[in-house]
Amino acid sequence: MIAYSVIVPAYHSTQTLPHCLAALQRQSIDRACYEIIVVDDGSTDETASVAEQALDLSVAPNAHVIRAGHAGPAAARNIGAQAARGEIILFTDADCAPAGDWIEQMVQPFDDPQIAGAKGAYRTWQRSIVARFVQQEYQDKYDRMSHQTTIDFVDTYSAAYRREVFLANSGFDTAFTTASVEDQEFSFRLAAQGYRLVFVPRAIVHHRHDANLSDYLRRKFGIGYWKALLLRRHPNKVVRDSHTPQVIKVQMGLLAVALLGTFSPVLVPDLAWLALSAWLLLLLTMLPLLIKIARRDPAVVWIAPLMIMLRALGLGAGLIAGFLRFYLQPSSAAQPS
């Protein structure tokens, strides 16, 4: 009997998907208890064929590859959920390799009938200094969530929901046409209705984080850009959510003031003091994270201030671009789909 359905959206994922599917087929629970559903999001390469070969569909009855038109990961996940047979549906991404006990850990909270969804955690095997900072950045957020009995922020790299809850709430919003914050939007929507979501730090997937500065900055810009649409849906989340440290918002503001003051065409004395004060305050806000990183991975401390500034720059610039797009559109263009 199928109890769990693991859904993997894939787009041009020939390099990473085999590792993901191999890991999913080596789980600690009985293979007869879960199915694997890969939804090819209109790839023009061999992603679907690679998935079929990796799953060996001829001898694996609890494995499926669905070929869909290209509409983004939100739509692909929704298609997978519609096809799923398990009471609990789990999501991970094609560039993730779940730990051997990932499903076992992920579904444990659902023994409590009040739990509607759960979020796991990232780890990485990478040794690049940028990727190691990204891991420390996530760990800082996990520290924050680990003290909360319920959360409102679930990422689909390691996520699970009751299928009936997922379908009753229309799944992910397909207005988010690329991998961005569609998973945040759905979990915010559930939490607002009183559904209980929890953090499961032992449900681990290994991931290939950004390995260079340009990829990191580009990803943060994309998150900020689509966050503007999310905040139009959920304006109350401007203030707080269970995942995002408040200091990030402060750092975005301080960096904007510091840059404007430093590079102003007419640098008057008052503006110079304002800029200097903003730079000093920005450095002070970094200290708690820098101390944590120094304890966990000391080599990362030296790049961390630059990474924190790039994070604030990327998110801030993305938010501005997103607000210009989504807030200048007619209201109908930004309604949930």
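One can find the structure itself at the top, above this paragraph.
The structure reproduced in this document is the subject of the present report. On a predicted model such as this, the values are computed, not experimentally measured, just so you know.

### Describing unusual backbone geometry
- A positive phi angle, close to 50°, is found at His 12, a residue other than glycine.
- Positionally, His 12 belongs in the loop between β1 (4-10) and α1 (17-24).
- For Ser 170, which is not glycine, the phi torsion reads 70° and is therefore positive.
- Structurally, the position occupied by Ser 170 is in the loop between α6 (163-168) and α7 (182-192).
- Take Ser 170: its relative accessible area is 53%, and that puts it in the exposed class.

### Section: the sheet that holds strand β7 (residues 159-162)
- Spatially, 8 strands are ordered β3-β2-β1-β4-β7-β6-β8-β5 in an open sheet, and the strand pairing comes out mixed. At either end of the open sheet lies a strand with only one pairing partner, and these are β3 (63-68) and β5 (96-98). Going across the sheet, the axis of each strand differs from the next one's by a mean of 30°, ignoring polarity.
- Of the strands in this sheet, β1, β2 (34-41) and β5 touch α1, which is tilted by about 10° from β5.
- Seen against the sheet, helix α5 (residues 129-145) touches β6 (115-123) and β8 (196-207) and runs at an angle of roughly 145° to β6.

### What about α1?
- For α1, every residue scored as buried is listed here: Leu 17, Cys 20, Leu 21, Ala 23 and Leu 24. Buried residues of α1, seen end-on, are gathered within an arc of 160° and therefore sit on one face of the element.

### Quick look at the pairing of β2
- The element β2 is largely enclosed, with a buried count of 8 among its 8 residues.
- Along β2, one buried face is formed by Tyr 34, Ile 36, Val 38 and Asp 40 and the opposite face, lined by Glu 35, Ile 37, Val 39 and Asp 41, is buried too.
- With 7 bridges connecting them, β1 and β2 associate as parallel partners. Each residue of the ladder has a partner; that of Tyr 4, found in β2, is Tyr 34.

### Structural notes on the nonpolar core
- Within the largest apolar cluster, 96 residues are counted, with the highest numbers of intra-cluster contacts made by Val 38, Leu 90, Trp 102 and Tyr 161.
- Tallying contributions element by element places helix α11 (residues 304-326) first for this core, with 8 residues.
- Sequence-distant contacts of Val 38, defined by excluding residues within four places in its chain, comprise Val 8, Ala 10, Leu 17, Leu 21, Ala 51, Leu 55, His 64, Val 65 and Ile 66.

### Quick notes on the side chain of Asp 152
- With respect to the element layout, Asp 152 can be found in the loop between α5 and β7.
- Ignoring sequence-local partners within four residues, the contact set of Asp 152 consists of Ser 187, Phe 188, Ala 191, Leu 197, Lys 237, Asp 241 and Ser 242.

### Re the environment of Asp 215
- Assignment of secondary structure puts Asp 215 in helix α8 (residues 213-233).
- Residue classification places Asp 215 among the partly exposed residues on the basis of a relative accessible area of 30%.
- The spacing of Asp 215 and Ala 131 is 84 residues in sequence and 10 Å in space, taken between C-alpha atoms.
- At 2.8 Å, the side chain of Asp 215 and the side chain of Arg 218 are in polar contact.

### Considering the packing of α1 against helix α2 (residues 47-55)
- Running from N to C, α1 and α2 point in directions that differ by 30°, and their axes come no closer than 10 Å. Classified by the interaxial angle, the pair formed by α1 and α2 is roughly parallel. As α1 runs across α2, the sense of the crossing is right-handed. Touching Leu 17, Pro 18 and Leu 21 of α1 are Thr 47, Val 50, Ala 51, Ala 54 and Leu 55, all from α2.
- Grouping the amino acids of the contact of α1 with α2 by side-chain chemistry returns 7 nonpolar, 1 polar and no charged.

### Notes on the packing of aromatic side chains
- Under the defined criterion, the tally for this structure stands at 20 aromatic pairs.
- Where Phe 91 meets Phe 166, the ring centres are 5.5 Å apart and the plane angle is 40°; that geometry is what we call tilted. Here Phe 91 is found in strand β4 (residues 88-91), whereas its partner Phe 166 is found in helix α6, with 75 residues between them in sequence.
- Judged by its relative accessible area of 1%, Phe 166 is buried.
- Here the guanidinium or amino end of Lys 237 rests over the ring plane of Phe 188, the centre of that ring lying 5.1 Å away.

What counts, and where the lines are drawn
- Residues numbered from 1 in each chain as written.
- Predicted model: local features only at pLDDT ≥ 70, side-chain atom pairs only at ≥ 80, totals over all residues.
- Heavy atoms only, no water.
- Helix = DSSP H or I, 4+ residues; strand = E, 2+ residues; numbered from the N terminus.
- Buried < 20%, exposed > 50% of the residue type's maximum accessible area, 1.4 Å probe, protein only.
- Pairing = 2+ DSSP bridges.
- Axes fitted to C-alpha atoms, helices over the stretch in contact; angles between N-to-C directions.
- Contact = heavy atoms within 4.5 Å.
- Arc of directions from axis to C-beta.
- Core = buried A, V, L, I, M, F, W, Y, C linked by side-chain atoms within 4.5 Å.
- Polar contact = N/O pair within 3.5 Å; in protein donor to acceptor, adjacent residues only side chain to side chain.
- Parallel < 35°, antiparallel > 145°, perpendicular 65-115°, else oblique.
- Left-handed = near helix turned anticlockwise from the far one by under 90°.
- Nonpolar A, V, L, I, M, F, W, Y, C, P; charged D, E, K, R; others polar.
- Phe/Tyr/Trp six-rings, centres within 6.5 Å; stacked < 30°, edge-to-face > 60°.
- Lys NZ or Arg CZ within 6 Å of the ring centre and 35° of its normal.

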